[in-house]
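Each chain, written out:
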Amino acid sequence: MPGALEMSESLIGRSVNRHHFPEKLTGDAKYSADLIMPGMLHAAILRSPHPHANILSIDTSKAEKLAGVKAVITPFNIPSGRLAVDLFILDTRVRFVGDEVAAVAAVDPDIARKAIDLLDVRYEILPFILDPDEALSKDAIKIHENGNLAIPEPINLERGDIEKGLIEADEIFEDSYYIPAHSAAALEPRAALAYWDNGHLTIWKSTRGVHVERISLSNALKIPTENIRIVGPFLGGGFGNKDETRLGAISAVLAQKADRPVRLEYSREEEFVAGRTRHASYIDLKIGFKLDGTITAIHGVATLNSGAYQASTPQMSRRTGQCMLYLYSCPNVKYESYPAYTNCPTAGSYRALGAPQGHFALETLMDRVAEYLGIDPVEFRKKNHVKIEGQPGRRTSPDDQIIDSQPVEGGVPFSSNELGQCLVKGAEAFDWVNRRKSNGSNDESKKYGSGVAIMIYRGGPGYPTGAEVRVNKSGEITVICGLMDVGEGMTTVLSQMCAEVLGVEYADVSTLFGDTESTPDAPITSGSTATFSAGTAVIRASTIIKDSLLALAGTALESEISDLVLENGYISVKTDPDRRMTVKEVASLMTNDYISSISTVDPGSTEYIVNSFGAHFVNVEVDTYTGNVNILKYVAAHDSGVIINPQLSLNQVEGGISQMLGLALSEELVTDRNTGVTLNGSYLEHKCPTILDYPEIQVIFADSVDPVGPMGAKALGEVPSVGVGAAVANAVYDAIGIRFNSLPISPDKIIRALYT
Amino acid sequence: MSTFRYYEPESVAEVVSALKDNVNSSVIGGGSDLLSEIKNGTTKPNVLLGLSRIDDLKRITATDTEVRIGSMVTINAVSSDPVIKRDYGALSEASAGLATPQIRNVGTLGGNLNQRPRCWYYRNPLIDCLKKGGTKCYALGGHTKYLCVTEGERCYIVHPSDTAVALSLFSAEIEIASAGDIRRIPIGSFFVSPSENILRETILGPDEFVTAVYLPSHAPESRHMSKYIKARERQSGDFALVSVGISLKVSSGTIQACNICFGGIAPTPYRSIQMEKYLVNRSVENLDVSYAAGLAISDPKPFPDNEYKVTLATNLVKKALSDLICDL
C-alpha cells in the first residue's frame, strides 16, 4: 500500500518509525526474561498431572535439602490470598492438567527443576469434566464452590421481541457452530522478575497493565499498593493474552521467602498449557427473515468453555454476542450466554475475546440466508448491515450516560459508520463482480471460490485513563502513561498526537510507559482502547501544556495569548510572524524545572455509539485431493476513523488476519478426552502458520473521521481478527459447496466432507 | 531437561566402543529430534556421542555400482545433490519438502531415519504409553487423527520419516556399525513394526548406529523415474499426513517395474505390493489410474478420526501416477 505511506504535512497520517525500532531490530531491547539482578534465583513450578484433584499434603523436605534450593512454596506454607474472584496465589484444589501446585526458587534453573521432582504430593483424585454442557448439568461435580457457571448469572439480552420477530419471519434458518480453543502463541513466553527491598516489592513482568496488576497483587499479598511497583519492560507479543495467571504472585512470594530476587519464566510448553487460550465456543444461532431480504429476528445462544478459572470470561461471554445484537439492522434480537468452568486449560483474554466466534456463526449463517434468497452476498450485506442511524427502537439508557461500546438498546446513532464504504471499496479492490472469472486452472482437483464477511467491534471508548504531558526547562517533551505498549505501537501513536498538538517534531517527544511508580493510573491495554482512550487524555493534557507555553511566550513576546500561534516548532505572533520563539526558548523561561499536565478522561460519548467496522474478501483455492486451502487473495477494508500511523495500522490488520487464519485453517489446542492432558502444546503441533504460510493482504482504510475519537481516530487493534474465519468458510463453500460449521477447516474435515 | 555428557569420537570404532561402554548412551546427528525428546523427558541418555568429527559420515560418494550417503549428510545436502536429483528424484523431493529450512540445515539423513514417532501420547511426558514401557495405549478412544490406518497392533504410530519412504523405492541398504562389524541390510528390514517390538522402530541394537545409506546405481537406460508427494497441514513445514513415493520404469509404453511406498499410513514405510503387482506389465496408455489408486492400502482399519487418510492415500497416488505418466 505505497499510497498510504506517503508523507503528509501533518504528523497525523504519517508513518513515522515506531518507537524503539532500532533496539528491537538489533536485539538490544530488553524483555522481561532478559533482566538479571545480582543474586537472582530461578524459579520452577510444579504443575498438576491430574485434571481435577484435592491436594492433601505436600512433603517438601527432600526438595528443601537439595543444595542450591532457597525457597519452596506450597498452598500450605504461604498466606492464602486471592488474585481474582476464583484464583488464589496457590490453591489446595487443582483444576486442570498444568495447574500450579507448588513452586521452588534455586540458584539455577536445573536445580529448581530437580527440586520440583523431589516434591511429594498426595492427591485426592476427583472426577473431571471437559465439556461445558456437561459441566452445567445438575449433577456435575462442582469445580468451584459456587458451581460451574463461570459468571454470577447467565447473560440474557434482548432488544424488541424475539418471539414476535420469529413469527413475522417467512423463513427461519438455524444452525450450530463450534470454534475450538487455540493459543495466542506469543513469541515471548511469560516472565517475571520479583525483588523485595525493605517491605517494598518491585516486579518487572510481561504484562498489559501495570496498575491493574498492582491492585491484584496488593489484594493477594495484603500489602498496600504504594508498597508495590510493577514495571512492564518490552512485551514480546501481547494479543490480549499476557495476564490473568499466577506468574507475578508466585515470583513475589518466592522472592519474599528466599529474600533474594527471583526470576520466573514459563517454558514454551507451559506457555501453551498454563497461559490463557481462546474460549472453545458452541453457538446455536437462529435467523428469521422475510423473502424480500429483511431480517426480522436474530437469536444466538453461546455455551462457552471457560476452562479452570474465570479470567476474562465475563467480558468474553458478552462480546461473543455483540455482532448478533448489532451488526445487522434488526428490530428483534436476543443473545444468551452460558460460560462454564471445566477442567480444560484456562481460557482467557485473547485478541477480540469472543468476537471471532460470534462472527463465524453469524456471518456463515447470513451467507446461507443470502444464497437462499438469491441475493449476492455483498449486496445482501449492503442492504442489511447496520447503518449510521443505529438500530431501530428507543434509547433506554439515561441521556447523560456515556453510551456503551457494546450497546443492546436501539435508537442511538453511531458517531461514524463507514461499513457501506468498506463493502464498496473492498469489493472494488477485490473485483468481486468478476470473481468467478478470476481463477482458471486445467487441474480438475483444484476448486476456486470467494467469500465475504463484515464485522463490528468496540470503537475505542474504554475505562477511565490518565496521561501526563511534561515539558522541562530544556524543552524536552515527555508523554507519560500507565498503559503498556503491547507491541502495537501505542507509544508511537500517542507521541504523534502530542507532537501534533504542540507543533513540534515527532522526534522531540519521548515517552514513559508501563511503570506504576512514574505513571498516572490507567487500565490494561485491552479492548482496542489505547489509541482512543489514552489518545484523548494525551490530547487534553497536551492542549493544557500548549496553553501554558503560549502564556509564557505571551509575556516574552509582549503579546496577547490569543494573538499567538504554535506551529512548526515556533510560537509566533500571528500579525507579525517575525516575532517568534522556538518551543525550547519558551521552555527555558519557566521558573520550575518542568511544567506538567495530567489529564484523566472517561472516554466516549453520551450521544453516539463509537464502533469500528470492516469487510473482508477472500479468494481461495481448495485442493480436493489433499484438502488444503490456499488463500490466493485477501482484501481487508476497515473503518477505524482517521488513521494516525498507516504503517502501524497496516501491521495491525495484517497481523490480526494472519493470526486468525491459523484458527480458520489449522490451529486448535487439543485436550485429551480421557486424561485431560493437553496433547499438542508446541509450535510444531498446535500448527500456528508461519510467515511463509501467510498470504499477501491488501488493506484499505475507509475515508472516515470520527467526531468523538481523538483526532478522528477509532479502534483498530482487534477488529481485523474477528471476521476472518467466516470469510474463509464462505469462500470454501463457494469453491466446493460444503458449509463448515466448525473451525479449523483442516484437510481431514475437507476430505471427509468431500468423499463421504 | 535431564543432563548428559557430550563428546565427539573421531572414528566409527570409537563410537561403537563408547556406545558399548556407556549404558544408556546415544549418537546424535543434528539433534532436532533427539534434543526435543530429552527436553520433554521421553528419553534420558547419560552420554551423547556427536558424530561431526568423522568425515566419512558426512560425504556423498558415487561409484559405478552404487551411491553412498553418509549418515551425517544433512537433509539439505541430500536434497541438492545433483546425482540424487537425477537418479533418485523422489529422495531429492522428499528431502526438499521435509520440515523447515533451519531443520534441513542441521538434520541428517541418519537422524531422519532414526527419529522417534510423533504420536502425541508417546511424546507427552505425562503419559506412560506402551511404547514407553507403560501398560496401555492412550490413543485408543483418544485422539487418532494422525495415527496409522493399517498394520497398527497395540500401538498405532506412523513412521515420521520422509526419506525412509523415498529410500524404500530404490532398494536402498542401510549400513550399520556394531562392535567389530559393519553390515548392510535392506531398508525393508531396517524398520520394525510394533508387533515385532513395541519399544523401538528399527532393528538397531543399543550398541549400534547407522553409518551410511547405499543406493544401487543404474545404467541410464534402466533408470527409474520417481516422484514423492506429501500432504500436510502446514505448508511451511510439517510432518506428512500421508505421503507417497512412486518409482516407475517404463519401456515401449509398458510398465516394467514399479515401487510404491506410503508414509503416514502405517508404523513403518508401507509398500503397496498389491498395487505394484497390478501395475507391472500394464500399458501406460489407457491405464486405469483410479482403479490402481484404489489398491493403495490392502486392508485399511482406520479409526473414525483418520478415515480421511485412506482417501488421501488414494488421491495422492492418483496424482503422483498421473504426473509420472504425463512426464514420460
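Keep in mind that this is a model prediction, so the values were computed, not measured.

### Things to note about the overall build of chain A
A tally of helices and strands in chain A yields 20 helices and 28 strands. Taking 27 Å as the expected radius of gyration for a compact globule of 756 residues, we find that chain A reaches 27 Å, a close match to that expectation. If you line up chain A on its principal axes, its C-alpha atoms span 85 × 75 × 55 Å. With 756 residues in all, chain A has 60% of them scored as buried.

### Describing the overall build of chain B
Looking only at helices and strands, one finds 13 helices and 12 strands in chain B. Here the C-alpha radius of gyration of chain B, 20 Å, is about what a compact globule of 328 residues would show, namely 20 Å. The principal-axis extents of the C-alpha atoms in chain B amount to approximately 60 × 50 × 35 Å. Nonlocal contacts in chain B, meaning residues at least 24 apart in sequence, comprise 65% of its contacts between residues at least 6 apart.

### Quick look at the domain arrangement of chain A
Residue and element names in this part refer to chain A. Along its sequence, chain A is organised into domain 1 (7–28 + 462–601), domain 2 (32–127 + 188–274), domain 3 (129–181 + 278–375) and domain 4 (414–459 + 608–756). Each of domain 1 and domain 2 was reduced to a C-alpha centroid, and the two centroids are 38 Å apart. Facing the 14 residues of domain 1 at the interface are 16 residues of domain 2. Residues belonging to the side of domain 1 that touches domain 2 are distributed by class as follows: five nonpolar, six polar and three charged.

### Section: the environment of A:Leu66
All names here are of chain A. In this structure, Leu66 sits in the loop between helix 2 (61–65) and strand 3 (69–73). You can call Leu66 partly exposed: it has 16 C-beta atoms within 10 Å. As for Leu66 and Ile111, which are separated by 45 residues in sequence, their C-alpha atoms are 8.0 Å apart. Ignoring anything within four residues of it in the chain, the contact list for Leu66 reads Ile111, Lys114, Ala115 and Leu118.

### Re the sheet that holds strand 1 (residues 5–7) of chain B
All names here are of chain B. Taken in spatial order, the three strands of this open sheet run 1-3-2, and their pairing is parallel. The sheet is open, and its two edges are formed by strand 1 and strand 2 (25–28), each paired on a single side. Mean inter-strand twist for the sheet, computed between neighbouring axes without regard to direction, equals 20 degrees. Both strand 1 and strand 3 (residues 47–50) contribute to a ladder of three bridges, which runs parallel. Each residue of the ladder has a partner; that of Tyr7, found in strand 3, is Leu49.

### Focus on the interface of chain A and chain B
With 26 residues of chain A at the interface, the matching set in chain B holds 24 residues. Here the element with the most residues in the side of chain A that touches chain B is helix 20 (residues 747–755) of chain A; it accounts for five residues. Within the side of chain A that touches chain B, the residues separate by chemical class into 11 nonpolar, seven polar and eight charged.

### Observations concerning the sheet that holds strand 6 (residues 93–94) of chain A
One open sheet holds the three strands; their spatial order is 6-2-8 (chain A), and the pairing between them is antiparallel. Only two strands of the sheet have a single partner each, and these edge strands are strand 6 and strand 8 (120–125) of chain A.

### Looking at the packing of helix 12 (residues 377–384) of chain A against helix 13 (residues 419–430) of chain A
All names here are of chain A. Axis separation between helix 12 and helix 13 bottoms out at 9 Å; the angle between their running directions is 160 degrees. Judged by the angle between their axes, helix 12 and helix 13 are roughly antiparallel. In this structure, the crossing between helix 12 and helix 13 has a hand that is left-handed. Contacts from Val378, Arg381 and Lys382 in helix 12 reach Gly420, Leu423 and Ala427 in helix 13. Class assignment for the residues of the contact of helix 12 with helix 13 results in three nonpolar, one polar and two charged.

### Describing helix 14 (residues 490–502) of chain A
Residue and element names in this part refer to chain A. For helix 14, which comprises 13 residues, the first-to-last C-alpha distance of 18 Å matches the rise-based estimate of 18 Å (1.5 Å per residue) to within 8%. Extensive coverage of helix 14 is indicated by the burial of 12 of its 13 residues. For helix 14, the set of buried residues is Met490, Thr491, Thr492, Val493, Leu494, Ser495, Gln496, Met497, Cys498, Ala499, Val501 and Leu502. Just past helix 14, the residue Gly503 takes up positive phi, approximately 65 degrees.

### Details of the pairing of strand 26 (residues 611–623) of chain A
All names here are of chain A. Of all 13 residues making up strand 26, 11 are buried, and the element is well covered by its neighbours. The pairing of strand 18 (residues 446–458) with strand 26 spans 13 bridges and is classified as antiparallel. Bridged to Ile456 within strand 26 is Phe613. In this sheet, strand 27 (residues 629–639) lies alongside strand 26 in antiparallel orientation, the contact comprising 10 bridges. Opposite Val620, over in strand 27, you have Ile631 as the bridge partner. Between the end of strand 26 and the start of strand 27, which pair antiparallel, lie five residues, with Gly627 showing a positive phi angle near 80 degrees.

### Digging into the confidence of the model for chain A
Taken over all residues, the pLDDT of chain A has a mean of 96, while the share at 70 or more is 99%. Note that pLDDT drops below 50 for residues 1–8 of chain A; the model gives that stretch 10 contacts with residues more than four away or on any other chain.

### Considering the environment of A:Gly307
All names here are of chain A. You can see Gly307 is positioned in strand 16 (residues 295–307). Each C-alpha atom of the pair Gly307 and Ala664 lies 21 Å from the other, and the pair is 357 residues apart in sequence. Setting aside residues up to four positions removed in sequence, Gly307 forms contacts with Phe96, Thr277, Thr342, Cys344, Pro345, Thr346 and Ala347.

### Regarding helix 6 (residues 210–221) of chain A
Residues and elements named next belong to chain A. Over its 12 residues, helix 6 runs 16 Å from end to end, which matches the ideal 16 Å to within 8%, given 1.5 Å per residue. Helix 6 sits mainly inside the fold: nine of its 12 residues count as buried. Those residues of helix 6 that fall on the buried side of the exposure criterion are Val210, His211, Val212, Glu213, Arg214, Ser216, Leu217, Ala220 and Leu221. Structurally, helix 6 contributes buried residues whose contacts are with strand 4 (82–84), strand 12 (200–205), strand 13 (228–231) and helix 7 (247–258). Where helix 6 ends, the next residue or the one after it, Lys222, has phi of about 55 degrees, a positive value.

Thresholds applied
Residues numbered from 1 in each chain as written. Chains lettered and ligands numbered in written order. Predicted model: local features only at pLDDT ≥ 70, side-chain atom pairs only at ≥ 80, totals over all residues. Helix = DSSP H or I, 4+ residues; strand = E, 2+ residues; numbered from the N terminus. Rg over C-alpha atoms; globule rule 2.2 N^0.38 Å. Buried ≥ 20, exposed ≤ 12 C-beta atoms within 10 Å, placed from the backbone. Contact = placed C-beta atoms within 7 Å. Domains from an automatic or database assignment. Nonpolar A, V, L, I, M, F, W, Y, C, P; charged D, E, K, R; others polar. Pairing = 2+ DSSP bridges. Axes fitted to C-alpha atoms, helices over the stretch in contact; angles between N-to-C directions. Parallel < 35°, antiparallel > 145°, perpendicular 65-115°, else oblique. Left-handed = near helix turned anticlockwise from the far one by under 90°. Expected span 1.5 Å × (residues − 1). pLDDT = per-residue confidence, 0-100.

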